[in-house]
Amino acid sequence: MTNPELDAEDFLKVEDLKVSFKTMDGVVQAVDGISFGVRRGQTLGIVGESGSGKSVSSMAIMGLHDAKRADITGHINVGGSEIVGCPEEKVRKLRGQTMAMIFQDPLSALHPYYTVGRQIVEAYRIHHPDASKKVARTRAIEMLDWVGIPRPDKRVDSYPHEFSGGMRQRAMIAMALVNDPDLLIADEPTTALDVTVQAQILDLLEDLQREFHSAIIIITHDLGVISQIADDVLVMYAGRAVEKGTVEQVLRRPQHPYTWGLLNSVPSLHGDAEADLVPIKGSPPSLLNRPSGCAFHPRCPYAGQNGNRSFTDVPELLPVLDDAGHSVACHLPADRRREIYQRDIAEAGVAL
C-alpha cells in the first residue's frame, strides 16, 4: 500500500486522453477524455466492466496501438517523455525499460515455441545489447528466483506449457521486471487464477513495489483486488471516468451510482451471508452509439431525479464537497447522493 517516501511529482501523467477507432460501422470512442496521475511507490487501480476503456487506456500508455487504426489525442507523459505523437523508435526504447506491462493471459503472451528463459533473455538484451548471452541468462535465472519460481536454474529451460497458470504469470512478471522499469501496468493479473495463487501474485506485486519503488497501475474488475493493493482508484464506464479518489474514499464513501452497483454485486463479509447479490441491471452501452447525457442513465435507478440532465448533459468529473481528492461525475446533488448511500448502500454491508 502507500509508501511513506512517495515522490511528490507524478511519474505518469495522463491528461484528457481520447482514443477512438474507425470501423466499418462508425467511430468507436473507446476512451473519452480521462485524466489521472501515478507517483513512484504508488498503486492506481482502474476498475470497470468489460468495454469500459481500461485496457485501451493502458495500451495507449504503452504505445501499443496501431497508429493507422487508432486516433489518440491528449497527453501521456511518462517520466518526462511524451508518448502521444512520439516516434515509434523512441517509444520502443521506453517500453520494457522505463515502462512495462503484464498482460492478462500469459499463455498467449508468452511464445509457445521458445523457452521461458530465452524470452526473458531477449527482453533483457534488447535494452542491454552489449550483455553476453551468459550474463543475460544469469539475469533471467535471478528474476525467476525473485518471483518465486522453484529451481529457477532448471525451469529457465522450460516451455510455457510446462508451467502452471500461476507460474506463467510469475514468469510474465519476471520478464516485465528484468529491466527494472519505473512504471508497471498489470492488466487483470489474477484472472483465471485460484484465490491462493491470486493472493501470492498480489503479494509479489507489493514486494516488487517496495523493492523497486515502481509506479503501478492495476487494471481489474475485482474490487477485492483493488481493496488489497491500490492506493487510489479510478472507476471507468463507457470510456469515461465516473469516480476517482483514494481507495478509502471510493470503496468506503462511494459517490456514483455505478460504483454503488459494483459494490452491491460483491459478496461481503459484513452482510447477510444468505442474501442474494444485486447485479447492475442491463448491459454496458455500445461505444458506437453511446447514450446521450450520462452514459449510465439507461441502467441507473436514480436517473431523472434531477430533471432531465441525466438524459441530455454529460456530467463533469467534479470534486466531492468535504472530501478532498475525491471526485465524481454525477448529476445527483451531493446531499441526495449521501442520503441514497446511507439508506441503500452503507446499511447493506457491502463496503469492503
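What you are looking at is a predicted structure, and each value in this text was computed from that prediction instead of being measured.

**Some points on the pattern of salt bridges**
Then, number 1: Considering all chains together, one arrives at 16 salt bridges under this definition.
Then, number 2: The salt bridge involving Asp 182 is made with Arg 40; its shortest N-O contact spans 3.2 Å. Here Arg 40 lies in the loop between strand 2 (26–39) and strand 3 (43–47) and Asp 182 lies in the loop between helix 7 (165–177) and strand 7 (183–187), a separation of 142 residues in the sequence.
Then, number 3: A relative accessible area of 21% means that Asp 182 is categorised as partly exposed.
Then, number 4: With a shortest N-O distance of 3.6 Å, Arg 95 and Glu 88 are connected by a salt bridge.
Then, number 5: For Glu 88, a relative accessible area of 39% translates into the label partly exposed.

**Describing the environment of Thr 73**
Then, number 1: Note that Thr 73 resides in strand 4 (residues 70–78).
Then, number 2: On the basis of relative accessibility, which here comes to 36%, the residue Thr 73 falls in the partly exposed class.
Then, number 3: Sequence separation between Thr 73 and Ala 238 is 165 residues; the distance between their C-alpha atoms is 17 Å.

**A look at the domain arrangement of the chain**
Then, number 1: According to the domain assignment, the chain consists of domain 1 (7–98 + 181–230), domain 2 (107–179) and domain 3 (253–345).
Then, number 2: Taking only C-alpha atoms, the centre of domain 2 and the centre of domain 3 are 43 Å apart.

**Examining the sheet that holds strand 5 (residues 81–82)**
Then, number 1: If you trace the four strands from one edge of the open sheet to the other, you get 2-1-4-5, paired in antiparallel fashion. Because the sheet does not close on itself, it has two edges, and the strands there are strand 2 and strand 5.
Then, number 2: In this structure, strand 4 lies alongside strand 5, joined through two bridges in antiparallel fashion. Bridge pairing links Val 78 to Ser 81 in strand 5.
Then, number 3: Here helix 1 (residues 54–61) sits on the sheet and contacts strand 1 (10–23), strand 2 and strand 4; the angle it forms with strand 1, its principal contact strand, is near 115°.

**Re the side chain of Ser 158**
Then, number 1: Mapped onto the fold, Ser 158 is located in the loop between helix 6 (152–155) and helix 7.
Then, number 2: A relative accessible area of 8% places Ser 158 in the buried class.
Then, number 3: Apart from residues no more than four positions distant in its own chain, Ser 158 is found in contact with Thr 115, Val 116 and Phe 163.

**Looking at the environment of Leu 107**
Then, number 1: Inspection of the secondary structure puts Leu 107 in helix 3 (residues 106–109).
Then, number 2: Taking the relative accessible area as the measure of exposure, Leu 107 reaches 44% and is therefore partly exposed.
Then, number 3: In this structure the C-alpha to C-alpha distance between Leu 107 and Pro 284, which are 177 residues apart in sequence, comes to 28 Å.

**Considering the packing of helix 5 (residues 133–146) against helix 7**
Then, number 1: Relative orientation of the contacting elements helix 5 and helix 7 amounts to 130°, with a least axis distance of 9 Å. The angle between helix 5 and helix 7 places the two elements in the oblique class. Once helix 5 is placed against helix 7, the crossing between them reads as right-handed. Taking contact as the criterion, the partners of Arg 139, Met 143, Leu 144 and Trp 146 in helix 5 are, on helix 7, Ala 171, Ala 174 and Leu 177.
Then, number 2: In the contact of helix 5 with helix 7, the residues fall into six nonpolar, no polar and one charged.

**Concerning the packing of aromatic side chains**
Then, number 1: Counted by the stated rule, this structure contains five aromatic pairs.
Then, number 2: Where Trp 146 meets Phe 212, the ring centres are 5.6 Å apart and the plane angle is 55°; that geometry is what we call tilted. Residue Trp 146 is found in helix 5, and its partner Phe 212 is found in helix 8 (residues 195–212); the two are separated by 66 residues along the sequence.
Then, number 3: Judged by its relative accessible area of 28%, Trp 146 is partly exposed.
Then, number 4: Where Tyr 237 meets Phe 296, the ring centres are 5.2 Å apart and the plane angle is 85°; that geometry is what we call edge-to-face. One end of the pair, Tyr 237, is in strand 9 (residues 232–237); the other, Phe 296, is in the loop between helix 11 (257–264) and strand 11 (305–308), and 59 residues separate them in sequence. One exposure class covers both Tyr 237 and Phe 296, and it is buried.
Then, number 5: Clustering of aromatic rings is evident, with ring pairs tying together Tyr 237, Tyr 258 and Phe 296.
Then, number 6: Looking at Arg 40, its charged tip hangs above the ring of Phe 11, at a distance of 6.0 Å from the centre.

Conventions used here
- Each chain has its residues counted from 1, following the order in which its sequence is written.
- At least 70 in pLDDT is required for a residue's local features to be given in this predicted model, at least 80 for side-chain atom pairs to be given and counted, and no such filter applies to totals for whole chains, interfaces and linings, which use all residues.
- Excluded from the side-chain calculation are hydrogens and water; included are all heavy atoms of the structure.
- Any carboxyl oxygen of Asp or Glu within 4 Å of a side-chain nitrogen of Lys or Arg constitutes a salt bridge here.
- Helix numbering and strand numbering both begin at the N terminus, where a helix is a DSSP run of H or I of at least 4 residues and a strand a DSSP run of E of at least 2.
- Only protein chains enter the accessibility calculation, which uses a 1.4 Å probe. A residue is then buried if its area is under 20% of the maximum for its type, exposed if over 50%, and partly exposed in between.
- An automatic or database domain assignment is the source of the domain bounds shown.
- A pair of strands is considered paired only if DSSP assigns at least 2 bridges between the two.
- When checking whether two residues touch, look at their non-hydrogen atoms; a contact exists if any pair is within 4.5 Å.
- Helix axes use the C-alpha atoms of the stretch in contact, all axes being lines fitted to C-alpha atoms, and the angles between their N-to-C directions lie in the range 0 to 180 degrees.
- Roughly parallel refers to an angle under 35 degrees, roughly antiparallel to one over 145, roughly perpendicular to one between 65 and 115, and oblique to any angle outside these ranges.
- Rotating anticlockwise by less than a right angle from the far helix to the near helix defines a left-handed crossing, while the corresponding clockwise rotation defines a right-handed one.
- Gly falls in the polar group here, along with every residue not listed as nonpolar (Ala, Val, Leu, Ile, Met, Phe, Trp, Tyr, Cys, Pro) or charged (Asp, Glu, Lys, Arg).
- Each aromatic pair joins two rings of Phe, Tyr and Trp (for Trp, the six-membered one) with centres within 6.5 Å, and gets the label stacked for planes under 30 degrees apart, edge-to-face for over 60, and tilted for any other angle.
- As a reminder, the over-ring test applies to NZ of lysine and CZ of arginine, requiring each to be within 6 Å of the ring centre and within 35 degrees of the ring normal.

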